[in-house]
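Analysis of the macromolecular model
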Amino acid sequence: MAALRALWLAPLVLLTVRAASNQSASSGFSSLSATLTTVVASSSSFTPSTITPAPSSTVAISGSSTAAQTSTTASFVAIGSIPRNFSDVELELLWALVGPVEEPPFTTTPVPDVPVTLPTAPPPLYPTWYALQPKNIFPNLTFPSGFKFGVATSAYQVEGAAKSDGKGPTGWDWGARQIGQSGDIADLQYFLYKNDTASTAALGVNAQSFSISWARIFPFGTKDSPVNQPGLDHYSDRGCYLSDLVVEILIPFFVELAVINYSLSLGVEPVVTLFHWDLPLALSAYYGGFTSPDIVDDYVHYAETVFKAYNGSVKMWYTFNEPYVYCEQLAVYPFDLTLAPGVNSSTAPFLCAYYLLKAHAGAVKAFRAMNITGEIAFKNNGYVGKPWRTNTTEDTEAVERNAAFGIGAFSEAVYGSGDWPDIMKETLPESILPRFTEEEQKDLKGSADFFAIDAYSSLWVAAPPNGIASCLANPSDPYFPFCFVQVDYDSSTNWPAGVTGSGEQASWLKATPNNLRHELSAIKKRWPYNKIYISEFGFAEPEEQSRTNLAWVLDDADRTNYYMTMLGEALLAIHEDGIPLAGTFAWGMIDDLEWQVGQESRFGIQYVNYTTFERSYKRSAMALSEFFSSHT
């Protein structure tokens, strides 16, 4: 979710990179999908004086608008200097780059009693004449047969057990320490996955989306390095594909079922993401990760290994989570220290996007050649947006630029022409934006079986203060090469787009359910699809992290309202707009580690006590459960 999820950090990890007055044409995706160049003013008129670009040295890998990360105190090994002998000694050398690792407080997997009994439902938030109960929201409308009511997590954000069972270090194991965070423990879901799956199943959820840790499967990452069998076995028992009937009969006797198999045993479909930002650190040390062409073959080999291991048990796959956000991460501290030789923060996001798309196409090509059961795509993020002002055609043009440089940066190649959006190619030279060959375009076009969007929020879009034409003509313009801004208040009334998420850490996140139907239709218009999933959506309850009374924590009214209004609009999108929505996945299953802000921003529908690791259902979880059960 989160984040940065940059805005799409959104969930959360927002990568905020502000344009600089001396920013060059090769400044990366920096003003793109997050609230990078969001304009907030007290006047309904758009005045350039209210938009002050930050200095180019101010680059924050944070959802905070106040703490720009400019420190360069971290260091990283010279790219290519570590020998590739794939030994235990080398693995410890890689972990030495990270530093001391906190050991988990326990290393066993408890087996919960199932089914889990839900607590008593909370009383209504408001009088029924003012706000409907979940079951009474459009009671005559239902979701289609086979609809996936899901929850979502990612490996780094919840697993903990950073070094357990032979896992190698990841970029975030190293990077988090450079900004004062650590994922060593997180939610310890590596050991508590059965408890979390059982509590999720009790809500009536029928699918859970999670990611595989590449570094658990291949500690060194490369195609010629050894597989870590304990890591592979953690997610699914080898050769163990059980029918529903067999699972029902055998589950009482086989309590050691791994993540995927245990999920299936409780009637919860596993939805697997191959890469959710936690790149094996070895690949950064060897050649610079996704800023090097070497990444393509290594990723495809990893994907093939996982496809083969879990084929038949997993039937819905994602190659990448929010590639836009991930590639932006590489342009900022501390990940800008891990780039391939000759690559800098200006070119890194575009090179990353190029190699990532090639890796996606290669993985999908292998998926289909291997006759893997199921469907595959990637998780996109961002929004198309609406014109901020209706009395100027420039804002309409700005919306198209936002769409092209945002969702379109990855979707056009897969769901459209097989190439970059024309707007990107017209703006950026080949020296900045590598061009795809005809063969690469052929592999990319159609390399997804459905569309998936992390649809947290959306804003208005406007032309930059000096106009689009002036911006495009001047590479020194602070908004070049994007030449648009994202605005979070209405131009005619000055009212904000919606309730804001938890403090500055999630200030990019606005509750904007009224925009959901527009966004689903706007995406379909530009990149036609026959099926779409809302692969993540969620809300950081304002100030939840500062509440000391558990009862107040659990009564997450704003998050509950967010989910109920979004799901109501989803129903209308299906029944009134003809949107082929096939599932929604709430972020997140539990409170998690929200990347650079750690536990300061919470998205979970279950509270996590980080001392005892006990989970507790929040009001939002109970509301989702009631909504799901009453609309099927």
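In this report, the structure presented in the accompanying data block is examined. A quick note: this is a predicted structure, and the numbers were derived from the prediction, not measured.

**Things to note about the overall build of the protein chain**
The number of helices and strands found in the protein chain is 21 helices and 17 strands. For the protein chain, buried positions account for 62% of its 632 residues. Here the protein chain has roughly 22,000 Å² of accessible surface; of this, 52% comes from carbon and sulfur atoms.

**Regarding the pattern of salt bridges**
In this structure the tally under the stated criterion is 26 salt bridges. A salt bridge links Lys223 to Asp297; the shortest N-O distance between them is 3.6 Å. With Lys223 in the loop between helix 5 (214–217) and helix 6 (229–235) and Asp297 in helix 10 (residues 294–310), this residue pair connects regions lying 74 residues apart in the sequence. Exposure remark for Lys223: the relative accessible area of 44% places this residue in the partly exposed category. Residue classification places Asp297 among the partly exposed positions, given a relative accessible area of 44%. Salt-bridge contacts for Arg559 lead to Glu544; the nearest nitrogen and oxygen are separated by 3.0 Å. Placement of the pair is Arg559 in helix 20 (residues 557–577) and Glu544 in the loop between strand 14 (532–537) and helix 19 (550–554), with a sequence separation of 15 residues. On the accessibility criterion, Arg559 (0% relative accessible area) is buried.

**Examining unusual backbone geometry**
With omega at 0 degrees, the peptide bond leading from Val114 into Pro115 counts as cis. Tracing the backbone through its elements, the reader meets Pro115 in the loop between helix 1 (88–98) and strand 5 (148–152). The amide bond that connects Phe480 to the next residue, Pro481, takes the cis arrangement and shows omega of 10 degrees. Topologically, Pro481 is positioned in the loop between helix 17 (468–473) and strand 13 (485–487). Notably, Glu322 is not glycine yet its phi reads approximately 40 degrees, a positive angle. Tracing the backbone through its elements, the reader meets Glu322 in the loop between strand 8 (316–321) and helix 11 (323–329). For Glu322, a relative accessible area of 0% puts it in the buried group. Phi at Glu543 takes a positive value of approximately 60 degrees, unusual for a residue other than glycine. With respect to the helices and strands, the residue Glu543 is situated in the loop between strand 14 and helix 19.

**Quick look at the packing of aromatic side chains**
Throughout the structure, instances matching the rule amount to 48 aromatic pairs. Ring geometry for Phe275 versus Tyr326: centroids 5.0 Å apart, planes at 90 degrees, classification edge-to-face. Taken together, the residues Phe275 in the loop between strand 7 (269–273) and helix 9 (281–287) and Tyr326 in helix 11 connect sequence positions 51 residues apart. Summarising the burial analysis for this pair, Phe275 and Tyr326 share the class buried. One aromatic cluster in this structure is built from Phe76, Tyr156, Trp172, Trp174, Trp277, Phe335 and Trp595. Directly above the ring of Tyr318 sits Lys379, whose terminal nitrogen or CZ lies 5.7 Å from the centroid. The aromatic ring of Tyr529 is capped on one face by Lys524, whose charged end is 5.8 Å from the ring centroid.

**Topic: the sheet that holds strand 12 (residues 460–462)**
Here three strands make up an open sheet; going across it, the order is 10-12-13 and the pairing mixed. With partners counted over all chains shown, the strands left at the sheet margins are strand 10 (386–387) and strand 13, one partner each. Both strand 12 and strand 13 contribute to a ladder of three bridges, which runs antiparallel. The residue bridging Trp460 from the neighbouring strand is Val487, located in strand 13. Running over the sheet, helix 13 (residues 393–405) touches strand 10, strand 12 and strand 13 and is turned about 110 degrees from strand 12.

**A few points about a nonpolar patch on the surface**
On the surface, Tyr126, Trp129 and Tyr130 cluster together into a nonpolar patch covering about 440 Å² of accessible area. If you trace the backbone, Tyr126 turns up in the loop between helix 1 and strand 5.

Scoring rules and cut-offs
Residues numbered from 1 in each chain as written. Predicted model: local features only at pLDDT ≥ 70, side-chain atom pairs only at ≥ 80, totals over all residues. Heavy atoms only, no water. Helix = DSSP H or I, 4+ residues; strand = E, 2+ residues; numbered from the N terminus. Buried < 20%, exposed > 50% of the residue type's maximum accessible area, 1.4 Å probe, protein only. Areas by Shrake-Rupley, 256 points an atom, 1.4 Å probe, with all protein chains shown as cover. Salt bridge = Lys/Arg side-chain N within 4 Å of Asp/Glu carboxyl O. Phe/Tyr/Trp six-rings, centres within 6.5 Å; stacked < 30°, edge-to-face > 60°. Lys NZ or Arg CZ within 6 Å of the ring centre and 35° of its normal. Pairing = 2+ DSSP bridges. Contact = heavy atoms within 4.5 Å. Axes fitted to C-alpha atoms, helices over the stretch in contact; angles between N-to-C directions. Patch = residues over 30% accessible without salt bridge, like charges linked within 9 Å, V, L, I, M, F, W, Y side chains within 5 Å.

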